[in-house]
Each structure stands twice: as C-alpha cells, then as structure tokens.
Amino acid sequence: MTNTKHTLIALVEDKPGVLNRIASLFRRRAFNIQSLAVGSSEHPGLSRMTTVVVGDSAQVEQVRKQLEKLINVVKVSDITEENMVTRELALIKVKASASTRSEIMQIVDIFRANIVDVAPGSLTVEVTGDEDKVNSLLGLLRDFDVKEVSRTGRIALTRGSGS
Amino acid sequence: MKKTGAQILCESLIKEGVEVIYGIIGGAVLPIYDTLPQYPQLRHILVRHEQGAAHAADGYARVTHKAGVCIATSGPGATNLVTGIACAYMDSAPMVAITGQVARPFIGKDAFQEIDITGITIPIVKHNYLVTDVAELAKTVKEAFHIAQTGRPGPVLIDIPRDVQQEQTDFVYPDKIDLPGYKIVSRGHPAQIKKAAKLINEAEQPVIIAGRGIIISQAYDEFKEFAEKAQLPVAHTLLGLGSFPGNHILDLGMLGMHGTGCANMAVQNADLLIAIGMRFDDRATGNTGEFAPNARVIHIDIDPAEIGKNIPTEIPVVGDIKSVLTALNEVIERREHVDWLSQIEQWRYEYPSLEIRQSDELLPQYIVHRIYEATQGDALVVTGVGQNQMWAARYFVYTKPNSIISGGGLGPMGFELPAAMGVKIGCPEKMVWCVAGDGGFQMTIQELATITQENIAVKIAIMNNGYLGMVRQWQELFYGRRYVDTKLWNPDFVKIAEAYDIPGIKVKRREEVIPAIQKAMDYPGAFLIDFLIEPEENIYPIVPPGESLARFFEPSKPEVLGGQF
Ligand SMILES: Cc1ncc(C[n+]2csc(CCOP(=O)(O)OP(=O)(O)O)c2C)c(N)n1
Ligand SMILES: [Mg+2]
C-alpha cells in the first residue's frame, strides 16, 4: 500500500487537556502527522480539528479509530476522498530593500496575497489558499531571503450542504 | 445537607457498589481517609506499596467483573500506582484509581509531592480526570465507573486535589451520563454476521483463537455452543485460557511463543481463523508475516480499533461477544470436520502438551500439574511473569473462566502476590494459588504483611529456580549461554514467611510435593511453599522471537520443528 496524505477532521470536546491526549496518541502509536489545526466549531463546547496524516489507508484507518476511542473525541472522518475545501494561512516575513520591494509586491499581487506589515528592511505577507499555493509563493519569495514563516496547517470542510 | 468532597467520593463509591478499596494513606488523601470510618461498608485494605494496591484491584476486578478501586496519595503514591494501572490497561481490566493531588492553589508550582499524574497516565488509561470543582466530583465518579466497566474495560484515574476533598456542596448522584464521545457498539452488524457465518459454514480447517474478551463478556455458554455446533477447534491466548474447557476434545491449549505444538500447528494450517476477543499480540502470533498463511480471518471484538491493527481481517464483526455469538449460533450450520480433527489429533499425539520428562529432579511442570490434580482444577491460579507463568499456563488444565489470572500484556514481575490478594478477596470461597517466580516474588514481597494483617488465605507456591529464569532461558538459547546478571542470591523464603506470621515449608524432592500441597490446602490461612526446582529447567516448546509459529523448538528434538512449511 502506498503512503498518501489523508485529511481527517474531528469534532472534539473543548476541555482542558484534550489536545494533550490527542498529541500523546499520535506520538505513542508512531503516527506520522503533518499538521494539526484546532479551533471552535459551530457547536458550543466542541472544537473542530483538522489533521493531515501521512500513511497507507490501513494506517490512517487505525489513526481514525484510535482517535475515536478517546473519550473527548466525538467523531472523526477521513474526508480525503470527498469533495472538500482546504485552506491554510501563512505569514511570511521577507527581506525587502528599495530595489526588491516592488518585485515582491508584484508576486504578492499575483497570488492575491496581502502585505500586512511594512518595515524598513522587510515586508510581511499574508497568504491563504491550499498548501500548493502557499508553497509556490514561499518558493518564489525564498529568492528574496525569507526571514520568518508561520503557517497554520490545513483546515478543511467538505463541500455542499451536508455535514 | 452539604457534604464534603471526601464524603461525596465515599458515597459515590457506595452507589457504584464498591465494597473494597486498596490503598495507602498520605497527606493529599488525608481528608478521604478521615472520612472512611463514616462508611463501614467500604472495606479498606492497607497494602505495603501502591503497586500492590493497583495489582490487587486488578485481580479483584478480573474475577468479580466489577471495577477494582485503588487509592494513593499525590506524588510518589501516584507514581507507584503506574505499573499496576498499565497492567490493567494492557489486559482490559476495569479499574478506578483515585489519587490525591496538592491543593488547587499549589498546582503547577512544583509543590511538595506534586506530580502531574493525569499527564503521566494518559497513555495507560482509558480515561482520566483532574477534578477542579467539588460540584463535578459525583458526576466524575459516575462517568469513571461507566467508562471503566463498559465496552472494552480499562482503568480510569481520578485525581482529586486535597482542597476539593474538603470543599462542600450538595450531594446529588446523577443517574444519567452525558458522554457524547463515548460510543459502544454492542450488537454485531447483521450483514457482517451473515458473512462470518458463510465463511464458517464453508471452512474445512477452521480454528478459533479465544481471547479474554470471551471471559469479559461472560459468553462461555454461547461460546461453547458456537465451537461445538460448527465443530471448531479452540486455541487460546494466555488470557483466553479458561474461556473454554481445557479438557474438551476441541481444546488445543494455548498458542504462541510457548504454545502447544498442536495449537500452533493447527493455527498455521488453518483455512479459517475466528479470532474472538483477542488482539493478535506478538507473543501469540509470532512473525505476523508468516502467521496462518492460508487462513481467511474473521475477527470479533468490541473494540473497532483492534480490527486490522496487527493482522489484516477479512470479516470484522464489532460488538459484544455474547451478543455476536448468540446471533452467530442462529445462523451457523452444524458441521463436522472429521479429517481436520484427525489431523489435529495427530499433532496432539506428536507434540503432547502435558508430557513431563522423566526425571528425579524437582520439575516445575510436575508441581503445577500436582496442584491441578490436588485441587481437581477447582482453584484460581494467579501467576507471576516468566517461566513460572508459562508453566502455570501450560500444566494446569483450566476448565472454568477466570481460573487463571496473569499479567499478560504488560508482564510485570511482582504481579503475582498482590493480584492473588485481590482475587482472594473477590472470591473468598475459592482456593487461590499464587504461582510465583523467586525473582518476581521479591518485587512485591512486602504484601505478605497485608496478607497477615487482613487475613487473606492465599496459597503461595514459589518456583524457586535461583534465576530470573525466563531471561536465563533466552541467554541459554539465544545468547550463547552467557548468564549475565540472571543468577539470584535468595533469602530463605520460609523464614521470611515465618517472620510475617505465615507458615511455610521448603520442598526439595519430588516425593514431598503432594504432601506439601495437601498441607497448604488443609491449612486454613495463607501458606507458602518454597519449591526448590531444577535451576536450569526450560519452558518448551519455544518459538524464537520473530519466527513463524510453525518453527517451535522442543527439548527432546532441539532442532527446529514444524514440517508443514
Ligand atoms: C518488572 C519487570 N522487570 C523485568 C522484567 C523482565 N523479565 C521477564 S521474565 C524475568 C525473569 C523472572 O524471574 P522469576 O520471577 O524468578 O521467574 P522465572 O522466569 O524464574 O520463573 C524478567 C527479569 C519483567 N517482566 N518485569
Ligand atoms: Mg526464577
């Protein structure tokens, strides 16, 4: 079986220590996760977590079932095969001088990204999109010397009216 | 009327039907202990080490099917529980562990005896709680017992800060539980049951692997009917011994690393494996890549995460075993497997599992078998870890559920004595034999004091080989006989027992075995026999680690056996 990226979304109780339980499970069972993002959901008291897991389908099914066994985890779905919207947000601080600034701004425009901070020697760029888009922008900006990057990791929802 | 947290805890335990708690007092649980005399229904067993409290609660839980309760103070008391909690976790035993914690204002300040026990135990509990508000306490206890005792059972820890124990609130024990993330599938999916039945009906060389899940689900009658109706031979995991009569014609004994030749050959040659309430532990499967190469696999278990975890499964049936087997019994056909059973009889003959070699030496196999005969099998055997455990598993014929209690998954030396205490307290009318290793016994030997103080009549049989025997055996077989740090200097166990006010005798010769066992049985209280067994006796067969189950060694034929593959 081949290793691929799987997107799991989970509804988890918003209680102290829940993230610790989840992280502990990933570590202890040697599951390979690429990103994990948590925030509140539409249900009061429940958070929605998106995690990207790398593995073959049997391994990922193990991850899903082990997660579901945690008492504070209400539901976990592997939505990889479903029609989904995925987004990631990144903040990128890049070195910018008088001579490179306009070129950077052009690139930022093409990606429909935003400049959120301007400083004498640098620009901070905010970009949202899927990982490919973020990676491409980051790749281009590397030519100008990227100082700092902060990425949220993937969040995802299935498309359409169902849940 | 308002009650303190300590009172609420005690009353909640009583509501849950708790009768016995095992523990040791300390500063962070003083309010709870101070309250105990108000509740004489709660018998407290004062152990000598918190590991003993946890193993005792575990043993008690396994034989009573009720959560065992242990209690410890914060910091070192709590960390001492860890081995026992891990053992209960690995073997799916229901347990509620209660720990005191420093008062809330001190949490996070590295206060005296402050340890993050909820953090430490996350990977070894089914769930745990830190109670930060006394108003949550009753609800927490209710949830803890529910979680510990239902579905796949396991340990739940409740950490209660000292000031929460003293705080007051109204006591209302909830009758509902609201756990949106806790779902138990109790009935197997009808479509899966149908598919499983089809495979069973069509199989020519079927084998059941029976795990402890059958015992947990108390499905003995259903299981026996199942195996007999479709004439399915039964191999057991270590913890599955006793789920089916060991003297039944369909019984093959234990499979795995020290399994019987017959069970291992049957599993390796099966065309269908029906795994019930077991989890394909590597000690049971040997090399998974070469495990049962021709078999299709049905796996019945209440825990969906066990399906496909170690062995690919064709037909999973997730549900409570009793209900799944009841449903299966309706749809499977009455079958006979004449050729298959005669092949199995052939293996049984070729690899006799109860054969004990002729010798004047004092052999542990002989001792265990004599205990079996003297008790007519009507005893509960609690084992240590190592060779003694395997001899106990193999040379006693287990015909009843819960007749062997062993720390199978964790394999913690020192399990034997405290677990035997819990088993005896759980089943006071039963004869309880603790089969101990001389090494393991010394890890929890202090519980002899508990036994005397609480008058717990367990019979202790030390398999005294003067070695950390199982490891010595590995050194002998796999490390060129280099016995590094496995030889033990031992104290005189009989004198030690006497110092604890427990009578005992030393047995050096074969002829002394039966009288000694009889003497122990006739004595009304606890009794210790120090069996000075043949020091370098091995347990056979043995499948070398990482090898296929078909490649087991036997003593008489030291070359690798198993000609089928
Ligand atoms: C707490 C603990 N430490 C170490 C081990 C590793 N170990 C497994 S069996 C064994 C030897 C046990 O010796 P003994 O209790 O005398 O039993 P025997 O094998 O000799 O019957 C050891 C050291 C273990 N299982 N548990
Ligand atoms: Mg020994």
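Residues numbered from 1 in each chain as written. Chains lettered and ligands numbered in written order. Predicted model: local features only at pLDDT ≥ 70, side-chain atom pairs only at ≥ 80, totals over all residues. Heavy atoms only, no water.

Q: For the sheet that holds strand 3 (residues 43–46) of chain B, give the residues involved together with the corresponding values.
A: All names here are of chain B. Overall, parallel pairing links the six strands, which are arranged 3-2-4-5-7-6 in an open sheet. Strands with a single pairing partner mark the edges of an open sheet, and in this sheet they are strand 3 and strand 6 (127–130). Ignoring which end each strand starts from, the neighbouring axes of this sheet average 20° apart. Pairing analysis gives three bridges linking strand 2 (residues 20–23) to strand 4 (residues 68–72), with the strands arranged parallel. By the bridge assignment, G23 is partnered in strand 4 with I71. (Pairing = 2+ DSSP bridges. Helix = DSSP H or I, 4+ residues; strand = E, 2+ residues; numbered from the N terminus. Axes fitted to C-alpha atoms, helices over the stretch in contact; angles between N-to-C directions.)

Q: An account of the coordination of the magnesium ion (ligand 2) is needed here, citing residue identities and associated values.
A: All names here are of chain B. Looking at the magnesium ion (ligand 2), the protein donor atoms are D438 (OD), N465 (OD1) and Y467 (O), and they sit 2.0 to 2.2 Å from it. Read N to C, the donor residues that coordinate the magnesium ion (ligand 2) are spaced as D-x26-N-x1-Y. When sorted by exposure, N465 lands in the same class as Y467, which is buried. (Donors = N, O, S within 2.8 Å, 3.2 Å for Na, K, Ca; no water. Buried < 20%, exposed > 50% of the residue type's maximum accessible area, 1.4 Å probe, protein only.)

Q: Please provide a residue-by-residue account of the nonpolar core, values included.
A: Residues and elements named next belong to chain B. Ranked by size, the top nonpolar core spans 59 residues in total, and within it F226 and L328 carry the most contacts. Leave out the neighbours within four places in its chain, and L328 touches I193, A196, A197, I200, F226 and I300. The next biggest cluster of nonpolar side chains, apart from the first, holds 54 residues, and it includes A53, I85, A419 and V494. (Core = buried A, V, L, I, M, F, W, Y, C linked by side-chain atoms within 4.5 Å. Contact = heavy atoms within 4.5 Å.)

Q: Go over the interface of chain A and chain B with me, naming the residues and quoting the values.
A: On the chain B side, the residues contacting the 17 residues of chain A number 18 residues. Interface of chain A and chain B: buried area, both sides summed, is about 1500 Å²; carbon and sulfur atoms make up 52% of it. On the chain A side of the interface with chain B, the three residues burying the most area are R21, K65 and I71 of chain A, jointly 42% of the side's total. For the pair chain A and chain B, the number of links is one salt bridge. With its nearest N and O atoms 2.5 Å apart, the salt bridge here joins K69 of chain A to D303 of chain B. (Buried area = accessible area lost by both parts, 1.4 Å probe. Salt bridge = Lys/Arg side-chain N within 4 Å of Asp/Glu carboxyl O.)

Q: Give a detailed account of the domain arrangement of chain B, specifying residues and quantitative values.
A: Residue and element names in this part refer to chain B. Domain annotation of chain B identifies domain 1 (2–170), domain 2 (190–350) and domain 3 (364–532). With 25 residues of domain 1 at the contact, the number on the domain 3 side is 27 residues. At the boundary of domain 1 with domain 3, total buried surface from both sides reaches about 2000 Å², with 64% on carbon and sulfur atoms. One can count one salt bridge joining domain 1 with domain 3. Of the charged contacts in the structure, one is a salt bridge between E454 and R43, with a shortest N-O distance of 3.2 Å. Viewed at the interface, domain 3 and domain 1 are joined by nine residue pairs in polar contact (both at pLDDT 80 or more). Elements with a contribution of two residues or more to the side of domain 1 that touches domain 3: strand 2, strand 3, helix 3 (50–64) and helix 4 (76–90). Here the side of domain 1 that touches domain 3 takes 10 residues from helix 3, the largest share from any one element. (Domains from an automatic or database assignment. Polar contact = N/O pair within 3.5 Å; in protein donor to acceptor, adjacent residues only side chain to side chain.)

Q: Lay out the pairing of strand 12 (residues 272–276) of chain B in plain terms, naming residues and giving numbers.
A: Two faces, one strand: in a regular strand the side chains alternate between the faces of the sheet. Residue and element names in this part refer to chain B. Across the five residues that make up strand 12, a large majority, five, are buried. In strand 12, alternate side chains face the same way, and those of L272, I274 and I276 on one face and L273 and A275 on the other are all buried. Here strand 9 (residues 206–210) pairs with strand 12 via five bridges, running parallel. Of the residues in strand 12, the one forming a bridge with I208 is I274. Two elements, strand 12 and strand 13 (residues 296–301), share five bridges in a ladder whose sense is parallel. Across the sheet, the residue bridging to A275 is H299, located in strand 13.

Q: Outline the pattern of salt bridges, listing residues and values.
A: Overall, the coordinates contain 43 salt bridges over all chains when judged by the stated rule. Residue E306 of chain B is joined to K309 of chain B by a salt bridge in which the shortest nitrogen-to-oxygen separation is 3.0 Å. It is possible to trace a salt-bridge network through shared partners that takes in K69 of chain A together with R152, D303, E306 and K309 of chain B.

Q: Which residues make up the site of ligand 1, and what are the values?
A: Residue and element names in this part refer to chain B. In the region of ligand 1, 17 residues are neighbours, and Q387, D438, G439, G440 and G469 sit closest. Between ligand 1 and N465, the relevant distance is 3.0 Å, taken from an oxygen atom to a side-chain nitrogen or oxygen of the residue. In this structure, Y467 approaches ligand 1 through a main-chain N or O atom, which is 3.0 Å from an oxygen atom. Bound to the protein, ligand 1 loses 76% of the 580 Å² it would expose on its own. Looking at the shell around ligand 1, the elements with two or more residues in it are helix 16 (387–395), helix 18 (438–441) and helix 20 (469–478). Residue composition of the shell around ligand 1, by class: seven nonpolar, nine polar and one charged. (Near = heavy atom within 4 Å. Areas by Shrake-Rupley, 256 points an atom, 1.4 Å probe, with all protein chains shown as cover. Nonpolar A, V, L, I, M, F, W, Y, C, P; charged D, E, K, R; others polar.)

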